[in-house]
Amino acid sequence: MSFDKHGGNNYHQVLCKFARQKLESLKYVGGRISSNPSYQPLTRWHQPLHRQDQWAQALLQYVSFTHLDHLIETINEEKYLFMVSDGSGKEYKMTYAWILSTPYGDRIAQCPGHSQGRESSLRAEVTGMLSATVFLAMVQQYQQGTSKQLDVRYISDNMELIKRGREHKEYKEYTESYANTTLRAEYDVTEQIHVTNHANNIVPTYMWVKGHQDKDTPKRFLPLLAQLNIEADELA
């Protein structure tokens with residue numbers, strides 16, 4: 001039996017109650033990346049990172065970029081950014097990676113990592129996007145809070161992940177989900193992506209890119225998004 005947002009009131013109430021109970025048990029909780037964020041200028045990345053919850057620290061354990069001030073300056077100069085993520089689930093392990101790029105192809109940050117939970121390629125892909133979202137949220141918090149809007153093109157070769165992101169943008173209340181969507185696999189991670197974006201004034205656009213395009217065409221001849229996808233796949 002399936003339910004949708006137009007289902008009967010009794011069913012809707014029951015599912016909403018179940019959804020609230022499920023949300024309380026999620027590994028990723030709350031929209032604020034830190035319970036006590038500091039907005040004072042910082043010159044070292046590990047200071048704000050170590051103030052985050054353990055799950056957020058784990059997602060950014062291997063993040064790298066040249067210099068925080070240069071990163072912030074570059075982000076502020078661009079109208080939007082490309083955040084390309086990828087994931088892999090095989091041989092009893094899940095890994096992910098993401099690359100942050102300007103529209104002109106300047107790679108300004110990247111991060112590989114290990115995904116936790118039940119093994120699936122979707123969970124690895126979603127965790128990669130969540131790691132990227134957490135990073136961007138910390139960048140927003142570094143910049144005197146979240147008053148500045150940050151436009152980000154989230155790009156993945158996983159159509160299910162892109163589809164869910166687009167669907168969530170159409171909800172009447174962006175921070176809420178329909179009860180039946182809470183039953184989807186990896187809901188805990190996908191919902192944290194949306195909550196974190198909303199809480200930190202990050203405006204997402206979700207874009208699909210075909211993966212492994214270098215099988216038929218040398219990487220140097222491919223469009224930027226295809227190149228970034230290949231690099232994220234190699235990094236993962």
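All figures in this text were calculated on a predicted structure; none of them were measured in a lab.

Would you mind showing me how to read the environment of glutamine 227 here?
Mapped onto the secondary structure, glutamine 227 falls in helix 8 (residues 224-235). For glutamine 227, a relative accessible area of 17% corresponds to the buried category. Expressed as a C-alpha distance, the spacing of glutamine 227 and valine 84, which sit 143 residues apart in the sequence, is 9.9 Å. Residue contacts for glutamine 227: discarding those within four places in its chain leaves Arg107, Lys219, Arg220 and Leu222. Within the structure, the side chain of glutamine 227 is placed 2.8 Å from the backbone oxygen of leucine 222, a separation counted as a polar contact.

Would you mind going over unusual backbone geometry with me for this structure?
Excluding glycine, a negative phi dihedral is what most residues carry, and trans is how most peptide bonds are arranged. The phi torsion at asparagine 201 lies on the positive side, around 60°, for a residue other than glycine. You can see asparagine 201 is positioned in the loop between helix 7 (187-199) and strand 5 (202-208). Under the relative-accessibility criterion, asparagine 201 is labelled partly exposed at 24%. Positive phi outside glycine occurs at histidine 212, with the angle close to 55°. Tracing the backbone through its elements, the reader meets histidine 212 in the loop between strand 5 and helix 8. Taking relative accessible area as the criterion, histidine 212 reaches 39% and is therefore assigned partly exposed.

Looking at this model, I keep getting lost on the pattern of salt bridges. Mind explaining?
Under the definition given, this model contains 6 salt bridges. A salt bridge links glutamate 186 to arginine 118; the shortest N-O distance between them is 2.7 Å. One end of the pair, glutamate 186, is in the loop between helix 6 (159-169) and helix 7; the other, arginine 118, is in the loop between strand 3 (107-114) and helix 5 (121-142), with 68 residues separating them in the sequence. We classify arginine 118 as exposed; its relative accessible area is 53%. Among the salt bridges present, the one from arginine 123 reaches glutamate 186, with a minimum N-O distance of 2.7 Å. Here arginine 123, found in helix 5, pairs with glutamate 186, found in the loop between helix 6 and helix 7; they are 63 residues apart in sequence, far enough to count as distant. The exposure class assigned to arginine 123 is buried, which follows from its relative accessible area of 7%. By relative accessible area, which is 7% here, glutamate 186 ends up buried. The network of salt bridges with common partners includes Arg118, Arg123, Glu186 and Asp188.

For this particular structure, what's the right way to read the packing of aromatic side chains?
Given two aromatic rings, their pairing is described by the distance between the two centres and the angle made by the two planes. Scanning all chains against the criterion turns up 4 aromatic pairs. Arranged with centres 6.0 Å apart and planes meeting at 50°, the rings of phenylalanine 65 and phenylalanine 135 form a pair that is tilted. In this pair, phenylalanine 65 sits in the loop between helix 3 (54-59) and helix 4 (68-77) while phenylalanine 135 sits in helix 5, placing the two residues 70 residues apart along the sequence. Aromatic pair tyrosine 154 and tyrosine 206: ring centres 5.7 Å apart, planes at 20°, arrangement stacked. Taken together, the residues tyrosine 154 in strand 4 (residues 150-156) and tyrosine 206 in strand 5 connect sequence positions 52 residues apart. Per residue, the accessibility class of tyrosine 154 equals that of tyrosine 206, and both read buried. An aromatic cluster is built from Phe65, Trp98 and Phe135, whose rings are joined through pairwise contacts. A cation over a ring is seen here: arginine 153 above tyrosine 80, with NZ or CZ 3.8 Å from the ring centre.

Could you clarify how one ought to interpret the packing of helix 5 against helix 7 in this entry?
To characterise two packed helices, one gives the angle between the axes of the helices and the distance between these axes. At their nearest, the axes of helix 5 and helix 7 sit 9 Å apart, and the two run at 20° to each other. Taken together, the axes of helix 5 and helix 7 are roughly parallel relative to one another. In the crossing of helix 5 with helix 7, the sense of the turn from one axis to the other is left-handed. Across the interface between the two elements, Arg123, Val126, Thr127, Met129, Leu130, Thr133 and Ala137 of helix 5 pack against Asp188, Val189, Thr190, Gln192, Ile193, Thr196 and Asn197 of helix 7. Looking at the contact of helix 5 with helix 7 residue by residue, the class counts come to 6 nonpolar, 6 polar and 2 charged.

So what exactly am I meant to see when it comes to helix 8 here?
Since one α-helical turn is 3.6 residues long, residues separated by three or four positions face the same way. Given a rise of 1.5 Å per residue, 12 residues ought to cover 16 Å, and the 16 Å separating the end C-alpha atoms of helix 8 matches this to within 8%. Residues Leu225, Ala226, Gln227, Leu228, Asn229, Ile230, Glu231 and Ala232 constitute the buried set of helix 8. Where helix 8 is buried, its residues meet strand 1 (81-90), strand 2 (93-101), strand 3, strand 4 and strand 5.

Thresholds, definitions, all that
- Residues numbered from 1 in each chain as written.
- Predicted model: local features only at pLDDT ≥ 70, side-chain atom pairs only at ≥ 80, totals over all residues.
- Heavy atoms only, no water.
- Helix = DSSP H or I, 4+ residues; strand = E, 2+ residues; numbered from the N terminus.
- Buried < 20%, exposed > 50% of the residue type's maximum accessible area, 1.4 Å probe, protein only.
- Contact = heavy atoms within 4.5 Å.
- Polar contact = N/O pair within 3.5 Å; in protein donor to acceptor, adjacent residues only side chain to side chain.
- Salt bridge = Lys/Arg side-chain N within 4 Å of Asp/Glu carboxyl O.
- Phe/Tyr/Trp six-rings, centres within 6.5 Å; stacked < 30°, edge-to-face > 60°.
- Lys NZ or Arg CZ within 6 Å of the ring centre and 35° of its normal.
- Axes fitted to C-alpha atoms, helices over the stretch in contact; angles between N-to-C directions.
- Parallel < 35°, antiparallel > 145°, perpendicular 65-115°, else oblique.
- Left-handed = near helix turned anticlockwise from the far one by under 90°.
- Nonpolar A, V, L, I, M, F, W, Y, C, P; charged D, E, K, R; others polar.
- Expected span 1.5 Å × (residues − 1).

Keep in mind these numbers describe shape, not what the thing actually does.
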